[in-house]
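Structural characterization, general
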Amino acid sequence: QVQLVESGGGLVQAGDSLRLSCAASGRTFSSYAMGWFRQIPGKERDFVASITRTGASKYYADSVKGRFTISRDNAKNKVYLQMNSLKSEDTAVYYCAADPSTAQIMTVRRPDYWGQGTQVTVSS
């Protein structure tokens, strides 16, 4: 399996930016499509963004498209989520995820591997 560790969460004001990072273990990182999900207490974990193995294609939830950017650096075994123009409704625990399938599938199916999550809080 691949092990994932998120970092970069914190407390920011609405309109601010934040970058989340996810470090993956092993040397097979490039074999996985990667993604970010988020969860609000009492609600299900929802898809945010995903990226293909090479980074050639990216997918976003409608709620974040134009504000968030997912990227990856396979040489460093890392995936990032750049979050701009943050809104209070972006407040959630953000989870890094990996799946041996496709990034597009992540938009409709839960991936196989998860990180522990990092809290993002946006004050209004």
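Structure: see above.
Described below are features of the structure shown in this document. (Residues numbered from 1 in each chain as written. Predicted model: local features only at pLDDT ≥ 70, side-chain atom pairs only at ≥ 80, totals over all residues. Heavy atoms only, no water.)

**Concerning the overall build of the protein**
In terms of regular secondary structure, the protein is built from 0 helices and 11 strands. With respect to the principal axes defined by its C-alpha atoms, the protein has extents near 40 × 25 × 25 Å. A total of 124 residues make up the protein; the buried ones form 43% of that total. Expressed as a percentage of contacts within the protein between residues at least 6 apart in sequence, the contacts between residues at least 24 apart total 59%. Carbon and sulfur atoms make up 45% of the accessible area of the protein, which totals about 6300 Å². (Helix = DSSP H or I, 4+ residues; strand = E, 2+ residues; numbered from the N terminus. Buried < 20%, exposed > 50% of the residue type's maximum accessible area, 1.4 Å probe, protein only. Contact = heavy atoms within 4.5 Å. Areas by Shrake-Rupley, 256 points an atom, 1.4 Å probe, with all protein chains shown as cover.)

**A closer look at the pairing of strand E11 (residues 118–123)**
Residues Thr118, Val120 and Val122 of E11 are buried on one face, while the alternating residues Gln119, Thr121 and Ser123, pointing to the opposite face, are not. One ladder, built from 4 bridges, connects strand E2 (residues 10–13) with E11; its direction is parallel. Counted as the bridge partner of Gly10 is Val120 from E11. Sheet topology note: the strand E9 (residues 92–99)/E11 ladder contains 3 bridges and is antiparallel. Residue pairing across strands places Ala92 opposite Val120, the latter belonging to E11. (Pairing = 2+ DSSP bridges.)

**Here's the deal with the nonpolar core**
The biggest cluster of nonpolar side chains holds 35 residues, and the ones touching the most others in it are Met34, Trp36, Val79, Leu81, Met83 and Tyr94. Elements supplying a minimum of two residues to this core: strand E3 (18–24), strand E4 (33–39), strand E5 (46–51), strand E7 (68–73), strand E8 (78–83), E9 and E11. (Core = buried A, V, L, I, M, F, W, Y, C linked by side-chain atoms within 4.5 Å.)

**Topic: the state of the cysteines**
Applying the stated criterion to the full structure yields 1 disulfide. The disulfide partner of Cys22 is Cys96, and the gap between their sulfur atoms is 2.1 Å. The sign of the S-S torsion, about -80°, decides the handedness of the disulfide formed by Cys22 and Cys96: left-handed. In this pair, Cys22 sits in strand E3 while Cys96 sits in strand E9, placing the two residues 74 residues apart along the sequence. When its relative accessible area of 0% is taken as the criterion, Cys96 is described as buried. (Disulfide = S-S within 2.5 Å.)

**As for unusual backbone geometry**
You will see that Asn77, though not glycine, has its phi angle at about 55°, which is positive. Secondary-structure assignment places Asn77 in the loop between E7 and E8. Phi is positive for Ser85, which is not a glycine, with a value near 50°.

**A look at the sheet that holds E7**
Spatially, 4 strands are ordered E1-E3-E8-E7 in an open sheet, and the strand pairing comes out antiparallel. Of all the strands in the sheet, just strand E1 (4–7) and E7 have a single pairing partner and so form its edges. For this sheet the average axis-to-axis angle between neighbouring strands, irrespective of direction, equals 15°. By the bridge criterion, 6 bridges tie E7 to E8 in an arrangement that is antiparallel. Paired with Asp73 across the two strands is Lys78, which belongs to E8. (Axes fitted to C-alpha atoms, helices over the stretch in contact; angles between N-to-C directions.)

**With respect to the environment of Pro41**
With respect to the secondary-structure elements, Pro41 resides in the loop between E4 and E5. Overall, the relative accessible area of 78% leaves Pro41 in the exposed class. Along the backbone, Pro41 and Val93 are 52 residues apart, and their C-alpha atoms lie at a distance of 8.6 Å.

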